[in-house]
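# Report on the structure
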Amino acid sequence: MKFVLSMASAILFWPCIGCDELVELSPPGTVHRIGEEVAVGRLGITVDAVNLRSRVGGDLFGGEVSEGGVYVAVDWSYENVSKEPISGGLFSTPDCYLVSPEGTKYNQDLGASVGLAEERDLDEKIVSDLNPGIRVKSACVFEVSRKLLAEGEWRIAIVTSDGQAWVKVPKTQ
């Protein structure tokens, strides 16, 4: 069953490859901390955890990082804080990006993200409505240079149709 869900996720996300180039990030106003809920329009967004990993997923999806790299795994959640359902669909769910100190926007590693979704108990709404008071879990994974990640202040940007939430990535060990 997990295999079927993973394949369905990969097929659903496939048409969006390249769509990330259409998203423009505005400079962050307030940069929040991990665990802090941020109100963005009709959503309350929380980055729950950021972990560095050398491997994610199983045999089919995910894998190991390239030499000199590290996976930045982001667990995050969002809740409909409005009084009306939010229409579901691939283009209405929030997007997650990793942003370097210079402002370079990193798109998630799709294979690694699907691999992490296999590991986690995610319940993100992809095609159905998100009803008021419902919180769903999501995750995304980025492969970056371990050396670059240690330099400067990196941020996570969660982008919705109503705005953006910015969260500081803790310094690496």
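Owing to the predicted nature of the structure, the values given are computational and were not obtained by experimental measurement. (Residues numbered from 1 in each chain as written. Predicted model: local features only at pLDDT ≥ 70, side-chain atom pairs only at ≥ 80, totals over all residues. Heavy atoms only, no water.)

## With respect to the overall build of the protein chain
A tally of regular secondary structure across the protein chain gives 3 helices and 11 strands. For the protein chain, the N- to C-terminal ordering of α and β elements is α-β-β-β-β-β-β-β-β-α-β-α-β-β. Out of the 173 residues in the protein chain, the part that is buried amounts to 37%. Long-range pairs, those at least 24 residues apart, make up 74% of the contacts in the protein chain with a sequence separation of at least 6. (Helix = DSSP H or I, 4+ residues; strand = E, 2+ residues; numbered from the N terminus. Buried < 20%, exposed > 50% of the residue type's maximum accessible area, 1.4 Å probe, protein only. Contact = heavy atoms within 4.5 Å.)

## Quick notes on the environment of G133
Residue placement: G133 occurs in the loop between α2 (110–119) and β9 (135–145). Among the residues examined, G133 registers a relative accessible area of 48% and is labelled partly exposed. Distance in space between the C-alpha atoms of G133 and S82 is 7.7 Å, their sequence separation being 51 residues. Among residues more than four places away in sequence, those in contact with G133 are E79 and N80.

On their own, these measurements won't tell you what the molecule is for.
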